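# Summary of the model geometry
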Amino acid sequence: MTLQIAYSPCPNDTFVFDAWAHGRIPGAPELDVTFADIDITNGMAERGEFDVLKVSYAVLPWVLDEYALLPCGGALGRGCGPLVLTREPGTALEGRTVAVPSERSTAYLLFRLWAADVVPAGVGDVVVMPFHEIMPAVRDGKVDAGLVIHEARFTYQQYGLHALADMGEHWERTTGLPIPLGAIIAKRSLGPEMLHRLADAARTSVRMAWDDPDASRPYVLEHAQEMDPAVADQHIGLYVNEFTHNLGDDGYAAVRGLLTRAAAEGLVPPLGRNALSFV
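It should be emphasised that the depicted structure is a prediction, and the values quoted were computed from it without experimental measurement.

Counting secondary structure elements, the protein chain contains 12 helices and 11 strands. The C-alpha atoms of the protein chain give a radius of gyration of 18 Å, which matches the 19 Å a tight globule of 279 residues would have. Counting over 279 residues, the protein chain shows a buried share of 56%. For the protein chain, long-range pairs separated by at least 24 residues make up 80% of all intrachain contacts whose partners lie at least 6 apart in sequence. Of the accessible surface of the protein chain, which amounts to about 11800 Å², a share of 47% is contributed by carbon and sulfur atoms. Of note, the protein chain has its 21 positive side-chain charges centred 5 Å away from the centre of its 36 negative side-chain charges.

Let us now look at the pattern of salt bridges. A full pass over the atoms with the stated rule returns 10 salt bridges. Here arginine 104 ties to glutamate 46 by a salt bridge, and the two come within 2.6 Å at their closest N and O atoms. One end of the pair, arginine 104, is in the loop between strand E7 (98-100) and helix H4 (106-118); the other, glutamate 46, is in helix H2 (residues 38-46), and 58 residues separate them in sequence. The class for arginine 104 is partly exposed, based on a relative accessible area of 28%. What makes glutamate 46 partly exposed here is its relative accessible area of 38%. Salt-bridge contacts for lysine 187 lead to glutamate 66; the nearest nitrogen and oxygen are separated by 3.7 Å. Residue lysine 187 is found in strand E11 (residues 179-187), and its partner glutamate 66 is found in the loop between helix H3 (60-63) and strand E4 (67-69); the two are separated by 121 residues along the sequence.

With that settled, the discussion passes to the packing of helix H9 (residues 213-222) against helix H10 (residues 229-239). Where H9 meets H10, the axes come as close as 11 Å, and the angle between the chain directions of the two elements is 110°. Taken together, the axis directions place H9 and H10 in an arrangement best described as roughly perpendicular. Contact with H9, carried on its side by Arg217, Val220 and Leu221, involves Pro229, Ala232, Asp233 and Ile236 of H10 and no other residues of that element.

This paragraph deals with the packing of aromatic side chains. All chains considered together, the criterion is met by 5 aromatic pairs. Arranged with centres 5.5 Å apart and planes meeting at 85°, the rings of tyrosine 7 and phenylalanine 35 form a pair that is edge-to-face. On the criterion of sequence distance, the pair formed by tyrosine 7 in strand E1 (residues 2-7) and phenylalanine 35 in strand E2 (residues 30-35) is long-range, its members being 28 residues apart. The class for tyrosine 7 is buried, based on a relative accessible area of 0%. Residue classification places phenylalanine 35 among the partly exposed positions, given a relative accessible area of 30%. An aromatic cluster is built from Tyr7, Phe17, Trp20, Phe35 and Tyr219, whose rings are joined through pairwise contacts. It is arginine 104 that lies over the ring of tryptophan 62; its NZ or CZ is 3.7 Å from the centre.

Glancing now at H9. Of the positions making up H9, those classed as buried are Ser216, Tyr219 and Val220. Axial view of H9: buried residues confined to an arc of 105°, hence all on one face. Exposed positions of H9 whose direction lies more than 90 degrees from the buried face are Asp214, Pro218 and Glu222. If you follow the buried residues of H9, they end up packed against E1, helix H1 (11-21), E2 and H10.

This part covers the nonpolar core. Counting 55 residues, the largest nonpolar core has Leu53, Tyr57, Leu60 and Trp114 as its most contacted members. With 8 residues, H4 is the largest single contributor of residues to this core. The residues touching leucine 60, leaving out its near neighbours within four places in the chain, are Val55, Leu69, Ile185, Val255, Leu259 and Leu276.

Turning to the pairing of strand E9 (residues 145-148), a few remarks are in order. Across the two faces of E9 the burial is the same, with Ala145 and Leu147 and Gly146 and Val148 all buried. Pairing of strand E6 (residues 83-86) with E9, which is carried by 4 bridges, proceeds in the antiparallel orientation. Pairing of leucine 83 across the sheet is with valine 148, part of E9. Alignment of E7 against E9, held across 2 bridges, turns out to be parallel. Along E9, the bridge assignment pairs valine 98 with alanine 145.

Reading the values: the criteria
Residues numbered from 1 in each chain as written. Predicted model: local features only at pLDDT ≥ 70, side-chain atom pairs only at ≥ 80, totals over all residues. Heavy atoms only, no water. Helix = DSSP H or I, 4+ residues; strand = E, 2+ residues; numbered from the N terminus. Rg over C-alpha atoms; globule rule 2.2 N^0.38 Å. Buried < 20%, exposed > 50% of the residue type's maximum accessible area, 1.4 Å probe, protein only. Contact = heavy atoms within 4.5 Å. Areas by Shrake-Rupley, 256 points an atom, 1.4 Å probe, with all protein chains shown as cover. Lys, Arg positive; Asp, Glu negative; His and termini not counted. Charge placed at Lys NZ, Arg CZ, Asp CG, Glu CD. Salt bridge = Lys/Arg side-chain N within 4 Å of Asp/Glu carboxyl O. Axes fitted to C-alpha atoms, helices over the stretch in contact; angles between N-to-C directions. Parallel < 35°, antiparallel > 145°, perpendicular 65-115°, else oblique. Phe/Tyr/Trp six-rings, centres within 6.5 Å; stacked < 30°, edge-to-face > 60°. Lys NZ or Arg CZ within 6 Å of the ring centre and 35° of its normal. Arc of directions from axis to C-beta. Core = buried A, V, L, I, M, F, W, Y, C linked by side-chain atoms within 4.5 Å. Pairing = 2+ DSSP bridges.

Distances and angles like these do not, on their own, reveal function.
Laid out in structure tokens, this is it:
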């Protein structure tokens, strides 16, 4: 049985899925891989288009009737949150225009929760644009600030920009929990046995990548969108960690905490009691 899977070309995803995607895990379900940025995969999940997807945790409240959250393979961590960037340090955001990569992204939820605490008068317009366009837009004065993700954490200074605030730092300080970013989900209709096989394969693929990182390097760099290899390594080091191998109690607490707080702010529908249950 070949499963249709979609994940991003970002180094953390290609690192995690390399062994599985290339058939190096005995007995693992075969994968037919499609690459798409996470704002695209979020929409795919809402339309039920693929068997397995990497999505934003923020989209879970809309898709968990059809999909189950896998307890591994995703991206959570500490010190890895989205940043708000401005041209000048200390820019006040009251009434200002902020570019964001998606309104269905975890980054956006973290930004809105941060703004509710520290920008009581409220930001101005929020505009959605592809994440790779955000830093140039801030630099060129097209928007007052930008919410950035991924490798932008390592490259924003090249655009002459300043980090106004770290959404992850605010989240960790106020909750003590890791930062939930991206999730792996699979269709519940595949059945419990297949879902367990998928989780086992994801964990094995992560362990194999850690055991032999050079094996995944060609796949990572092929899809890293001309990223500097050193930045790709930083990216992997930041986003692939023990939570990728197993969400664990802290991981699940972080996901539920984010979505519960976001629901209280009216940003997402409330979760059902057992919505995050694996099977």
